[in-house]
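# Fold and contact review
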Amino acid sequence: MLGLDADPKALEVARQTLASYGPSVILVNANFRNLLDVCRNHDFLPADGILLDLGMSSPQLDDPERGFSFRFDAPLDMRFSPDQQVTASDILNRYSDSELARLLHEYGEERHSRRIARHIVARRPITSTHQLVEIIESVAPRGSGRIHPSTRTFQALRIAVNQELSALEEALRQSLQVLRPGGRLVVISYHSLEDRIVKQFMVRESRDCVCPSEAPVCTCGHLASMKPITRKAVVPTEEEIRANPRSRSARLRAAERL
């Protein structure tokens, strides 16, 4: 098994957990956007299967110092890797209100994005998670819903800091070069933006032609490279959600390399 993670702390835990497997497990500190290069460097081509478990982990969320959660007052960091240059605080304090509004709308699907962005700019500098939460709650106070009003803003910032969606798109494209025929790609996503990218990729790669429907003849030359295994996303059972409430938003999709 070849395991990749951008977070060196996560890799250290994995090394301890998988120590009994010895040299059968290779762990690399890398973002999966570099999947193909890492596989080449470790002579791991072709692969029988790829599992992409997206987003952040519970240890990251529960570490007060990482700034991923609005439950703790902490610096606004949100980086998966300490080698990354841009933090959430950098984005909040450098972006214009229009740039912030676009980010919150696109990555967080936040309906109060413009108002939140204006209030952030007006109260700069923003340095802590609780300072940001206070601003959000002043604009979008907690209602009767299950989701905390800060959830979408924190999601949007985390995605932007770690460039998660572009990394996912790159990893999916590279999976076609990594998998052997018959090899399987399995992706677990945790919000609609990720799941939409995975679904569209698998749908596209299961078709011989991807020309616009109005095109009179095929000019793309595209050939199907995968066949879907899951007709629709697999979701956790009620029993799984009771055992692990954080699994409630998980969506699993799988496809096989042709």
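Residues numbered from 1 in each chain as written. Predicted model: local features only at pLDDT ≥ 70, side-chain atom pairs only at ≥ 80, totals over all residues. Heavy atoms only, no water.

## Notes on the pattern of salt bridges
Taken as a whole and assessed by the stated rule, the structure comprises 17 salt bridges. What emerges from the salt-bridge pattern is a single network uniting D62, R71 and R246. (Salt bridge = Lys/Arg side-chain N within 4 Å of Asp/Glu carboxyl O.)

## Describing the nonpolar core
Counting residues in each nonpolar core, the largest one holds 28 residues, and the members touching the most others are L52, L172, L185 and V187. Counting residues per element, the ones that place at least two in this core are α2 (35–41), β3 (47–53), α9 (164–178), β4 (179–189) and α10 (192–205). The residues contacting L172, other than those within four sequence positions of it, are L52, L185, V187, I197, V198 and F201. Within the second largest apolar cluster, 27 residues are counted, among which are A88, A101, I116 and V139. (Core = buried A, V, L, I, M, F, W, Y, C linked by side-chain atoms within 4.5 Å. Buried < 20%, exposed > 50% of the residue type's maximum accessible area, 1.4 Å probe, protein only. Helix = DSSP H or I, 4+ residues; strand = E, 2+ residues; numbered from the N terminus. Contact = heavy atoms within 4.5 Å.)

## Details of the packing of helix α6 (residues 113–122) against helix α7 (residues 129–139)
Closest axis-to-axis distance for the α6/α7 pair is 9 Å, and the angle between their directions is 135°. Considering the angle they form, α6 stands oblique to α7. Crossing of α6 over α7 shows right-handed handedness. Between α6 and α7, the residues in contact are R115, I116, H119 and I120 and L132, I135, I136, S138 and V139, respectively. Residue classes in the contact of α6 with α7 are distributed as six nonpolar, two polar and one charged. (Axes fitted to C-alpha atoms, helices over the stretch in contact; angles between N-to-C directions. Parallel < 35°, antiparallel > 145°, perpendicular 65-115°, else oblique. Left-handed = near helix turned anticlockwise from the far one by under 90°. Nonpolar A, V, L, I, M, F, W, Y, C, P; charged D, E, K, R; others polar.)

## Some details on the packing of helix α5 (residues 97–108) against helix α8 (residues 151–162)
At a minimum axis distance of 8 Å, the contact between α5 and α8 shows a crossing angle of 95°. Relative to α8, the element α5 lies roughly perpendicular. Only R152, T153, Q155, A156, L157, I159 and A160 of α8 make contact with α5, whose side of the interface consists of L103, L104, Y107 and G108. In terms of residue class, the contact of α5 with α8 is made up of seven nonpolar, three polar and one charged.

## Focus: the sheet that holds β3
Ordered by their spatial adjacency, four strands build an open sheet running β3-β4-β6-β5, and the pairing between neighbours is mixed. Looking at which strands have only one partner, the edges of the open sheet turn out to be β3 and β5 (226–228). On average, each strand axis in the sheet is inclined to that of its neighbour by 20°, with strand direction left out of account. In this structure, β3 lies alongside β4, joined through six bridges in parallel fashion. (Pairing = 2+ DSSP bridges.)

## A look at the side chain of S113
Here S113 is to be found in helix α6. With a relative accessible area of 6%, S113 lands in the buried category.

Geometric values such as these leave the question of function open.
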